[in-house]
Amino acid sequence: MRTPPRSPRPYDGELRCHARTWPTDPPCTDSAAWHVAWLLAPRGHFSLVCDEHMAGLTGVYDYVDRHPADIMCAMPGSGWQTGTVPSRCVAAPAVVPER
């Protein structure tokens, strides 16, 4: 499976692309249209991507799943829910330790 090089970026609530056409290019700042899962397990590899970069990336790399990007996709700690069409991002449940 062909996946793009990973450049970690914290999810900060900004729904921006951050993809690059060339490694030396600055990150794109266009609004993200897609949330892409390059790998789901054991450790997910995800990208927020604009329409233009989505077209270029899918010509070179293989993705496992994608869905339209929404604000939940850019939130720290969100999870990828499969089994829905399309898949979507959800808030991860809070784990409260038992006393």
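Conventions used here
Residues numbered from 1 in each chain as written. Predicted model: local features only at pLDDT ≥ 70, side-chain atom pairs only at ≥ 80, totals over all residues. Heavy atoms only, no water. Helix = DSSP H or I, 4+ residues; strand = E, 2+ residues; numbered from the N terminus. Buried < 20%, exposed > 50% of the residue type's maximum accessible area, 1.4 Å probe, protein only. Contact = heavy atoms within 4.5 Å. Arc of directions from axis to C-beta. Pairing = 2+ DSSP bridges. Axes fitted to C-alpha atoms, helices over the stretch in contact; angles between N-to-C directions.

Enquirer: Would you explain the overall build of the chain in this entry?
Expert: Helix and strand counts for the chain stand at 1 helix and 5 strands. Order of helices (α) and strands (β) in the chain, N terminus to C terminus: β-β-α-β-β-β. Here the chain, with 99 residues, has 25% of them falling under the buried criterion. Put simply, of all contacts in the chain between residues at least 6 apart along the chain, 49% involve residues at least 24 apart.

Enquirer: Looking at this structure, I do not really get helix α1 (residues 51-58). What am I missing?
Expert: Note on helix geometry: an α-helix contains 3.6 residues per turn, so any two residues three or four positions apart are oriented the same way. Those residues of α1 not exposed but buried are His53, Met54 and Leu57. Taken down its axis, α1 places every buried residue within 105° of arc, on the same side. Facing away from the buried side of α1 by more than 90 degrees, the exposed set consists of Asp51, Glu52 and Ala55. Buried residues belonging to α1 abut β1 (34-39), β2 (45-49) and β3 (65-68).

Enquirer: Got a minute to help me understand the sheet that holds β2 in this structure?
Expert: In a beta sheet, neighbouring strands pair by backbone hydrogen bonds and run either parallel or antiparallel. One open sheet accounts for 3 strands, arranged β2-β1-β3; its pairing is antiparallel. Each edge of the sheet is formed by a strand with only one pairing partner; in this case those strands are β2 and β3. Across the sheet, the axes of successive neighbouring strands diverge by a mean angle of 20°, strand direction being ignored. Where β1 lies against β3, 4 bridges are found, and the strand directions are antiparallel. Of the residues in β3, the one forming a bridge with Ala37 is Asp65.

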